[in-house]
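Reading the structure
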Amino acid sequence: MQTTGWEDEFREYVRARGPALLRQAHQLTGHPLDAEDLLQSALTKTYLAWHRIEDRGALDGYVRRAMVNINISQWRRRKVEEYPSDDLPEVVHDHHEPVGEVHEALEQALRELPERMRAAIVLRYYEDMTEPEIAKTLGISVGTVKSTVSRAMAKLRNALAG
């Protein structure tokens, strides 16, 4: 396969600077596999922008900045429920009813909800759709989705508490 000069230049850059860049990625992520993924993403961005980078002496800075930006974006997208920890929390099960009965009660409470409320709950919590996705699917505004889900959850709580 014949390559252009800049592709060979990029390949040589990755060979020469890859190990040092991987160490920097590892410092950012704290995990070797995440570091490899982060570096790969940053090098992909660098490859796509290679023809725009005039100062080849600034390549390390470009790749480092890409790694930082990608890492921040991934960190922001991570769910709030995820917290790294060395210790796993103990799971306490305090079921007063057998699981089957709880599921049956929930299904019954869902069936008793008005159609739009039931649809919003199913799309949000069973299909894991976002509020804008639900709004588009149901043809309603995002504000209506929020209030509908809130009211439906209140009805479900009341139905299951009694």
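Before any of the text, the structure's been laid out above.
Residues numbered from 1 in each chain as written. Predicted model: local features only at pLDDT ≥ 70, side-chain atom pairs only at ≥ 80, totals over all residues. Heavy atoms only, no water.

Points about the overall build of the protein
Scanning the protein from N- to C-terminus turns up seven helices and zero strands. What you see in the protein, going N to C, is helices and strands ordered as α-α-α-α-α-α-α. When burial is assessed residue by residue, the protein has 23% of its 162 residues classed as buried. Intrachain contacts of the protein at a sequence separation of at least 6 include 54% that bridge at least 24 residues. When the accessible surface of the protein is split by element, carbon and sulfur atoms take 52% of a total near 12,100 Å². (Helix = DSSP H or I, 4+ residues; strand = E, 2+ residues; numbered from the N terminus. Buried < 20%, exposed > 50% of the residue type's maximum accessible area, 1.4 Å probe, protein only. Contact = heavy atoms within 4.5 Å. Areas by Shrake-Rupley, 256 points an atom, 1.4 Å probe, with all protein chains shown as cover.)

Quick look at the packing of aromatic side chains
Applying the stated criterion across every chain yields a total of four aromatic pairs. Taking the centre distance of 5.1 Å and the plane angle of 45° together, the rings of Trp6 and Tyr47 count as tilted. Placement of the pair is Trp6 in helix α1 (residues 5–29) and Tyr47 in helix α2 (residues 32–49), with a sequence separation of 41 residues. An angle of 85° between the planes, with centres 5.2 Å apart, marks the rings of Phe10 and Trp50 as edge-to-face. Of this pair, Phe10 sits in helix α1 while Trp50 sits in the loop between α2 and α3 (59–77), placing them 40 residues apart in sequence. With relative accessibility at 0%, the residue Trp50 sits in the buried group. Taken together, the ring pairs connect Trp6, Phe10, Tyr13, Tyr47 and Trp50 into an aromatic cluster. Stacked on the ring of Tyr125, the Lys or Arg Arg124 has its end atom at 5.6 Å from the ring centre. (Phe/Tyr/Trp six-rings, centres within 6.5 Å; stacked < 30°, edge-to-face > 60°. Lys NZ or Arg CZ within 6 Å of the ring centre and 35° of its normal.)

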